[in-house]
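The chain contents come next:
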Amino acid sequence: SNTMSKIAILDPGAQYGKLIDKTVRKLGVESQIVDLAASSEELADYAAYIVAGGGSSVHDADAPKYNAEIFSSGKPILGICYGLQLIVKELGGKVEKLDTREDGPIEISVEKSDSLLFEGTPAKQIVLMTHGDTVTELPQGFEMEATSDGLTA
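Okay, so let's go over this structure. This is a predicted model, so every value here is computed, not measured.

Take the nonpolar core next. Grouped together as the largest cluster of nonpolar side chains are 19 residues, with contacts concentrated most on Ala8, Leu10, Val34, Leu43, Tyr49, Ile70 and Leu86. Contributing elements (two or more residues each) for this core: strand 1 (7–11), strand 3 (48–51) and helix 3 (82–90). At four residues, helix 3 tops the list of elements feeding residues into this core. Discounting residues that sit within four places of it in the chain, Ala8 has contacts with Gln32, Val34, Leu43, Tyr46, Ala48, Tyr49 and Ile50.

Put into structure tokens, the structure is as follows:
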């Protein structure tokens, strides 16, 4: 099949990888769960990437291996939880372990009124969070779209 219209869900051991896959497919977009360390050849025909969440910290010595070439592929990348933290770390931002953890349903505030990501959703909404690390500095060129109690997951 032609994968150029497919999205690769790059899985670092995500408890929600299958849920992300199901949700993307419900939106009418073909997707496939692929190992986070998949080679550039394996990923070449995908139109975009979603880097899913997982239980590791990006600072762990045994953090999941990944293909850093995805960050210079020119293709759109959405990071969810661990995926966001990996993107931030790889592109020059800061991810730190703070005294605050977030676990379970958490209210987020959409900070950017013209956000494409949150278009058509409420300014305040409940999302599921499980993280001990927090983005404390965004990479150059990134914009904050939403926060939870002032934190960036």
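From this point, the narrative continues.
What helix 1 (residues 17–26) keeps buried is the set Gly17, Ile20, Asp21 and Val24. Down the axis of helix 1, the buried set is contained in an arc of 100 degrees. They therefore lie on one face. Facing away from the buried side of helix 1 by more than 90 degrees, the exposed set consists of Lys18, Lys22 and Lys26. One or two steps after helix 1, the chain reaches Gly28, where phi turns positive at roughly 85 degrees.

All right, on to a nonpolar patch on the surface then. Where nonpolar side chains cluster on the molecular surface, the patch consists of Tyr16, Leu19 and Leu128 and spans about 280 Å² of accessible area. By the secondary structure assignment, Tyr16 is in the loop between strand 1 and helix 1.

Here we take up the packing of aromatic side chains. If you walk through the whole model with that rule in mind, you get one aromatic pair. Taken together, a centroid distance of 6.2 Å and an interplanar angle of 80 degrees make the contact between Tyr66 and Phe71 edge-to-face.

The next thing to look at is the environment of Ser56. Among the secondary structure elements, Ser56 is positioned in the loop between strand 3 and strand 4 (77–79). What makes Ser56 partly exposed here is its relative accessible area of 24%. For the pair Ser56 and Thr100, spaced 44 residues apart in sequence, the C-alpha to C-alpha distance is 16 Å. Beyond its immediate sequence surroundings of up to four residues, Ser56 is in contact with Ala63, Pro64 and Tyr82.

Strand order across the open sheet formed by four strands is 2-1-3-4, with parallel pairing between neighbours. Only two strands of the sheet have a single neighbouring strand rather than two, namely strand 2 (31–35) and strand 4. On average, each strand axis in the sheet is tilted by 25 degrees relative to the strand beside it, whichever way the strands run. Pairing of strand 3 with strand 4, which is carried by three bridges, proceeds in the parallel orientation. Following the sheet pairing, Tyr49 is matched in strand 4 by Ile77. In this fold helix 1 packs onto strand 1, strand 2 and strand 3, with an angle of close to 155 degrees to the strand it touches most, strand 2.

Each value, and the rule that gives it
- Residues numbered from 1 in each chain as written.
- Predicted model: local features only at pLDDT ≥ 70, side-chain atom pairs only at ≥ 80, totals over all residues.
- Heavy atoms only, no water.
- Core = buried A, V, L, I, M, F, W, Y, C linked by side-chain atoms within 4.5 Å.
- Buried < 20%, exposed > 50% of the residue type's maximum accessible area, 1.4 Å probe, protein only.
- Helix = DSSP H or I, 4+ residues; strand = E, 2+ residues; numbered from the N terminus.
- Contact = heavy atoms within 4.5 Å.
- Arc of directions from axis to C-beta.
- Patch = residues over 30% accessible without salt bridge, like charges linked within 9 Å, V, L, I, M, F, W, Y side chains within 5 Å.
- Areas by Shrake-Rupley, 256 points an atom, 1.4 Å probe, with all protein chains shown as cover.
- Salt bridge = Lys/Arg side-chain N within 4 Å of Asp/Glu carboxyl O.
- Phe/Tyr/Trp six-rings, centres within 6.5 Å; stacked < 30°, edge-to-face > 60°.
- Pairing = 2+ DSSP bridges.
- Axes fitted to C-alpha atoms, helices over the stretch in contact; angles between N-to-C directions.

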